[in-house]
Structures are given as C-alpha cells and as structure tokens.
Amino acid sequence: MSRPTHDDGPEGSAAHETYVAGVRRFAARLTTADDDGLARPSTVAGALVLARAVKNDPLSDDRLDVVRRQLLP
C-alpha cells in the first residue's frame, strides 16, 4: 500500500503561495525562544476539529476548556 501524498493540492498556485506566506507571517508574530509560533494555533485548530467531531457530547466542551486553560494565562 502506498503512502498518501499532498500532490493533489494547489501547491504552486498563487493562492497557495499567498496562503503559505500569510501563515509564515502569522507564525513569525507568535514566535518565541521556545516556540516556532505554530504550536498554539495548531493546538487550537486541533481542539476545534476534535470538539466539532464530538459535538453534542460533554467531551466537546471539555476539549475546548482544557486547551483554553493550557493556552491562556
């Protein structure tokens, strides 16, 4: 079985290049000595995906609460 690749996306297109540049600028604003700037937004995005996948279950709000407590001072 072959491994999936990302070759079927729009990479190289103007829209893709613009998006990548925007993500890099966003990460640069969040970069610290200990973090490349993408850990926090990646954690939030993952929590949102999981919370939506289990919507209408207490686990949904629990995931968001856990991440909120970890990321907010």
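Placed above this text is the structure.
In this text the structure is predicted, and so the values were computed from the model without any measurement.

Caption draft 1: Broad picture of unusual backbone geometry. Here the phi dihedral of Asn56 falls at roughly 65°; this positive angle occurs in a residue that is not glycine. Mapped onto the elements of the fold, Asn56 is located in the loop between helix 2 (39-53) and helix 3 (58-71).

Caption draft 2: Quick look at helix 3. Taking 1.5 Å of rise per residue, 14 residues should cover 20 Å, and helix 3 covers 20 Å from first to last C-alpha, within 8% of that figure. Every buried residue of helix 3 is accounted for by Ser60, Val67 and Leu71. Projection of helix 3 onto a plane perpendicular to its axis shows the buried side chains occupying an angular sector of 45°, all on one side. In this structure, helix 3 carries Pro58, Asp61 and Arg69 as exposed residues pointing more than 90 degrees from its buried face. Contacts made by the buried residues of helix 3 are with helix 2. Two or three places before Leu59, at the start of helix 3, stands the capping residue Asp57, its side-chain oxygen 2.8 Å from that residue's backbone nitrogen.

Caption draft 3: Quick peek at the side chain of Ser60. Examined against the element boundaries, Ser60 turns out to sit in helix 3. The class of Ser60 is buried, set by a relative accessible area of 10%. In this structure, Ser60 is in contact with Ala51, Val54 and Lys55, ignoring residues within four places of it in sequence.

What counts and how
- Residues numbered from 1 in each chain as written.
- Predicted model: local features only at pLDDT ≥ 70, side-chain atom pairs only at ≥ 80, totals over all residues.
- Heavy atoms only, no water.
- Helix = DSSP H or I, 4+ residues; strand = E, 2+ residues; numbered from the N terminus.
- Expected span 1.5 Å × (residues − 1).
- Buried < 20%, exposed > 50% of the residue type's maximum accessible area, 1.4 Å probe, protein only.
- Arc of directions from axis to C-beta.
- Contact = heavy atoms within 4.5 Å.
- Polar contact = N/O pair within 3.5 Å; in protein donor to acceptor, adjacent residues only side chain to side chain.

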